[in-house]
Amino acid sequence: MKKIHLLKVRFAWLSGLLFLSLSLSAELRLDFSTARLASSGWLAEGLSVDLTLADDDRLAVHLTVSAFTHEALPGRISGIEFDCPVVRRQARAYRCAEGRLRIADSPYGPQDLTASGLFVDGQHLNLQIDGIKLAGGSVALDLELKEGAWTLLVNASDLALGSLRNDLELEMLPSDWSLSGQASLQASLSGRLDRPEAMKLALQVRHLAYADMEGLQVAEDGNLSLHVDAKHRRGDWLGGVKLSVSQGQFYSDPLFLEPGQTPLQLSLQGQWTPISERLQIHKSQLIVPQVLVAEGRAKIDTGTFRVVDASVQLRADRLEGLYTTVLQPLLIGSMMDDLETAGALKAELALKQGRLHRFDTTLDRVSLADRRGLFALNGLSGNLAWSAQGQPEISRVRIDGGQLYRIEHGSVSIRARAQGEEISLLDPLEIPLMGGAVRIEHLNTTGLLSAAPQWTTSATLSGISLEALANAFDWPGMQGELNGNIPAVNYQHHTMRLDGELQVDVFGGSVRIGSLSVKDPLGRVPELFADVRLADLDLARITRTFSFGHIEGTLEGEIEDIHLVDWDPVAFRARFNTPEGDRAPHRISQRAVDNLTSLGNGLSSGLSNTFLGVFKEFRYDRIELRAKLAGSVAQLDGIQHPDGGYYLVKGAGLPRIDVIARNRRVAWKTLLERLRNIRVEGMEVR
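Residues numbered from 1 in each chain as written. Predicted model: local features only at pLDDT ≥ 70, side-chain atom pairs only at ≥ 80, totals over all residues. Heavy atoms only, no water.

Undergrad: Can you walk me through the overall build of the chain in this structure?
TA: Each helix and strand in the chain was counted, giving seven helices and 47 strands. The 686 residues of the chain split such that 40% are buried. By element, 53% of the accessible surface of the chain is carried by carbon and sulfur atoms, the whole surface being about 36,600 Å². (Helix = DSSP H or I, 4+ residues; strand = E, 2+ residues; numbered from the N terminus. Buried < 20%, exposed > 50% of the residue type's maximum accessible area, 1.4 Å probe, protein only. Areas by Shrake-Rupley, 256 points an atom, 1.4 Å probe, with all protein chains shown as cover.)

Undergrad: Would you mind going over the side chain of S510 with me for this structure?
TA: Relative to the helices and strands, S510 resides in strand 35 (residues 509-519). Take S510: its relative accessible area is 15%, and that puts it in the buried class. Excluding its chain neighbours within four sequence positions, the residues that come into contact with S510 are Q503, V504, D505, R533, L534, A535 and L537. (Contact = heavy atoms within 4.5 Å.)

Undergrad: Please explain the pairing of strand 13 (residues 195-211) as it appears in this structure.
TA: Strand residues, when the strand is regular, have side chains that alternate between the two faces of the sheet. Strand direction decides the pairing type here: strand 12 (residues 178-192) and strand 13, joined by 14 bridges, are antiparallel. Following the sheet pairing, L185 is matched in strand 13 by L203. Hairpin remark: strand 12 followed by strand 13, antiparallel, with two residues in the connecting loop; positive phi at L193, about 55°. As defined by bridge partners, strand 13 adjoins strand 14 (residues 217-233) across 11 bridges and the pair is classed as antiparallel. Within the sheet, the bridge partner assigned to Q204 lies in strand 14 and is S225. Between strand 13 and strand 14, which pair antiparallel one after the other, the connecting turn spans five residues, and G215 there sits at a positive phi close to 75°. (Pairing = 2+ DSSP bridges.)

Undergrad: I tried to follow the nonpolar core on my own but got confused; where do I start?
TA: Across soluble globular proteins, nonpolar side chains have a tendency to be buried as a group. In this structure, F82 and I588 are the most contacted members of the largest nonpolar core, which totals 120 residues. L125, L143, L145 and W150 belong to the second largest nonpolar core, which has five residues in total. (Core = buried A, V, L, I, M, F, W, Y, C linked by side-chain atoms within 4.5 Å.)

Undergrad: Honestly, the pairing of strand 5 (residues 59-70) in this entry has me stumped. Any pointers?
TA: As paired elements, strand 4 (residues 42-53) and strand 5 share 11 bridges and run antiparallel to each other. Paired with D50 across the bridge in strand 5 is H62.

Undergrad: Explain unusual backbone geometry here, please?
TA: Trans peptide bonds make up the majority, and among non-glycine residues the majority have a negative phi. Cis rather than trans, the peptide bond between D253 and P254 has omega equal to 10°. Assignment of secondary structure puts P254 in the loop between strand 15 (236-252) and strand 16 (255-257). Even without being glycine, M434 reaches a positive phi, approximately 50°. Mapped onto the elements, M434 comes out in the loop between strand 29 (429-433) and strand 30 (436-446). You will see that D566, though not glycine, has its phi angle at about 55°, which is positive.

Undergrad: What is the right way to read helix 3 (residues 319-330) from this model?
TA: Buried residues of helix 3: L319, G321, L322, Y323, T325, Q328 and P329, and no others. Each element contacted by the buried residues of helix 3 is listed here: strand 16, strand 19 (292-301), strand 20 (306-316), strand 21 (339-352) and strand 22 (355-370).

Undergrad: When you look at the pattern of salt bridges in this model, what are you seeing that I'm missing?
TA: Tallying each qualifying case throughout the model produces 27 salt bridges. For the salt bridge of D158 with R206, the shortest nitrogen-to-oxygen distance reads 3.3 Å. With a gap of 48 residues between them, D158 in strand 11 (residues 149-160) and R206 in strand 13 connect regions that are remote in the sequence. The class of D158 is partly exposed, set by a relative accessible area of 41%. Under the relative-accessibility criterion, R206 is labelled partly exposed at 30%. (Salt bridge = Lys/Arg side-chain N within 4 Å of Asp/Glu carboxyl O.)

Undergrad: So what exactly am I meant to see when it comes to the environment of T304 here?
TA: Within the secondary structure layout, T304 lies in the loop between strand 19 and strand 20. On a C-alpha basis, the gap between T304 and E277 in space is 8.9 Å, while along the polypeptide they are 27 residues apart.

Undergrad: Would you explain a nonpolar patch on the surface in this entry?
TA: Taken together, the side chains of L168, L170 and M172 make up a nonpolar region of the molecular surface, amounting to roughly 220 Å² of accessible area. For L168, the position within the fold is in helix 2 (residues 161-168). (Patch = residues over 30% accessible without salt bridge, like charges linked within 9 Å, V, L, I, M, F, W, Y side chains within 5 Å.)

Undergrad: Explain helix 2 here, please?
TA: Residue pairs spaced three or four apart in an α-helix point in one direction, given the helix's 3.6 residues per turn. Taken together, the buried positions of helix 2 are L161, G162, L164 and R165. Buried residues of helix 2, seen end-on, are gathered within an arc of 165° and therefore sit on one face of the element. Buried-residue contacts for helix 2 involve strand 9 (124-134), strand 11, strand 12 and strand 13. Following helix 2 by one or two positions, E169 adopts a phi angle in the positive range, close to 50°. (Arc of directions from axis to C-beta.)

Undergrad: For this particular structure, what's the right way to read the environment of D400?
TA: Relative to the helices and strands, D400 is located in the loop between strand 24 (394-399) and strand 25 (401-404). With relative accessibility at 32%, the residue D400 sits in the partly exposed group. Between the alpha carbons of D400 and L380 there is a distance of 6.7 Å; along the sequence they are 20 residues apart. Residues within four places of D400 in sequence aside, it is in contact with R365, N378, G379, G410 and S411. There is a polar contact of 2.6 Å between the side chain of D400 and the side chain of R365. (Polar contact = N/O pair within 3.5 Å; in protein donor to acceptor, adjacent residues only side chain to side chain.)

Undergrad: Looking at this structure, I do not really get the side chain of Q328. What am I missing?
TA: The residue Q328 is located in helix 3 in this model. Judged by relative accessible area, which is 19%, Q328 ranks as buried. Apart from the residues lying within four places of it in its own chain, the contact partners of Q328 are Y323, D337 and D338.

Undergrad: Would you take a moment to explain the environment of T460 for this structure?
TA: Along the chain, T460 falls in strand 31 (residues 454-465). A relative accessible area of 30% places T460 in the partly exposed class. Placed 27 residues apart in sequence, T460 and P487 show a C-alpha to C-alpha distance of 8.3 Å.

Undergrad: Quick question: what am I supposed to make of the confidence of the model for the chain here?
TA: Should the pLDDT be low somewhere, the predicted coordinates at that spot are not to be read in detail. Chain-level pLDDT for the chain is 83 on average; 86% of the residues reach the 70-or-more range. Across residues 1-34, where pLDDT falls below 50, the model places 66 contacts with residues more than four positions away in sequence or in other chains. Here residues 678-686 is modelled with pLDDT under 50, and outside its nearest four sequence neighbours on either side it reaches 56 contacts, counting other chains as well. (pLDDT = per-residue confidence, 0-100.)

Next up, the structure:
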């Protein structure tokens, strides 16, 4: 038996065995007096190797290193001991088939590993290590070095992601996020000297869960697989990535995704240039089952993760899936956040320098219906196109019909051009509505893509049936038409305003609506402001329409400073009265007197139980009612009475009948309830 010290053998073999590929590219220095080996990035201390040569040329190797550090490791490795009882020589090579590697302490805990290898010379060796304990799982390595080239195979199983992040100090997620799950990895890496040249990776993750501190990024019980295949060419990485998500719940504010029986799939083919931090995606595909299929190309700045240029084509065969999964969460707080949807669409989008440059959407029998009943659009077909600059395409859309606030409209055809922040109608837009029509001649827009878009248009209303309008809102039947010319309709700061007046020809006279504005018109809490003027209304027609009791005469008045919140009144000032010098007959029926009396005290006048019950009608001189609403209280007034109170109806002739009220304040809710029963508190009949 012969004992040979390591320093008498070729150091290149030992350095290859101990330090893998690192020593091949380093200029080594051996300090014999202190038994230290060092090179760029690593340091070994307390090195001792014994070789025992048997008579049959077999070697036994025993190696110890008291401490080892490397810049790629998070800490110090100590108590290293390697044994190979049999090293066989095969031609010019040496093979260790049953080696043992023990590590007393390391950043990943103690290790007791099996190791085998083949050494040919200082430029060719192969090493296999199995049983590495890491993050609750195990890792096996297979390294081959040959003439400066190297290949590393990694097979890892049952790694706990939370522990793996801590053990390897990986920045997989921000440090304050929770993380759990199990991972398995198969990887093949190859390169030359210190330069990687190719990589294949297959990662499987089970029961993935993570969450940030605010609960805005959350995953539970996720299963996914990731495949990467890339090669290094002339400073660039070229290859592809495939991701499949088959289980779990994923929330990224405001989107929520729960893959079903068919996995979500993402595939990318591209090229990454590290020196310029530029990623070019030549081909990509995203499949979200029952939601969308998207394909496209893109250029991404990986330093800022900004999309520089992109071209995307997407298809949604079931619009309801796209809406509930993607669009609805993004539209929360808008008028489009609670819709029933149907139909299909295709879209093409282009981005340049990080900004939307163009889109073209094809609609196929799309229907949108607000669940609150605010609006509906049925059977949208055609295409919507927009471009930031250049020659704009023409949008052509047909709508079979729809509804706005219970008002139904007929089919509409639209031809328009959209470019930059402007939309222009190529033809006047005519909307059939309740036997008539609304005609829009033009449309001017600014700030279309901003948070506060503005637009201006004009409209003409002609022949709209008041009877159909009354039926739509379950009002008593009315006769007449709504006609008007609105010189300008403006929308800015989320408020729509009408310039000019809207005139309604009704009850033999007219109702003119001016200063009309609606804040957040299709929002959750719209607000309306307006002034109304009434002129020459025929009371006989009004009372006949509303079954109030018969009144003959003329009525005029105004309702000023109207303020509705969610279509309920919160403020107004109103006056209704008989015009001065009115020449129409002034007659009022017993039933109308009873109803006007009940406006004050909630009780009928009881005329039928007095001697006046024999009279069916009475003459009157004047009618007047004034009301002011401020918050929850209404103030009432009329024609002043000498001994206090006020007239609602001032009688004339014989028998004379006056309707007098004394209560000037009444709760608005009480007044509404009594108006439904045609009764109000605080009046008496004389």
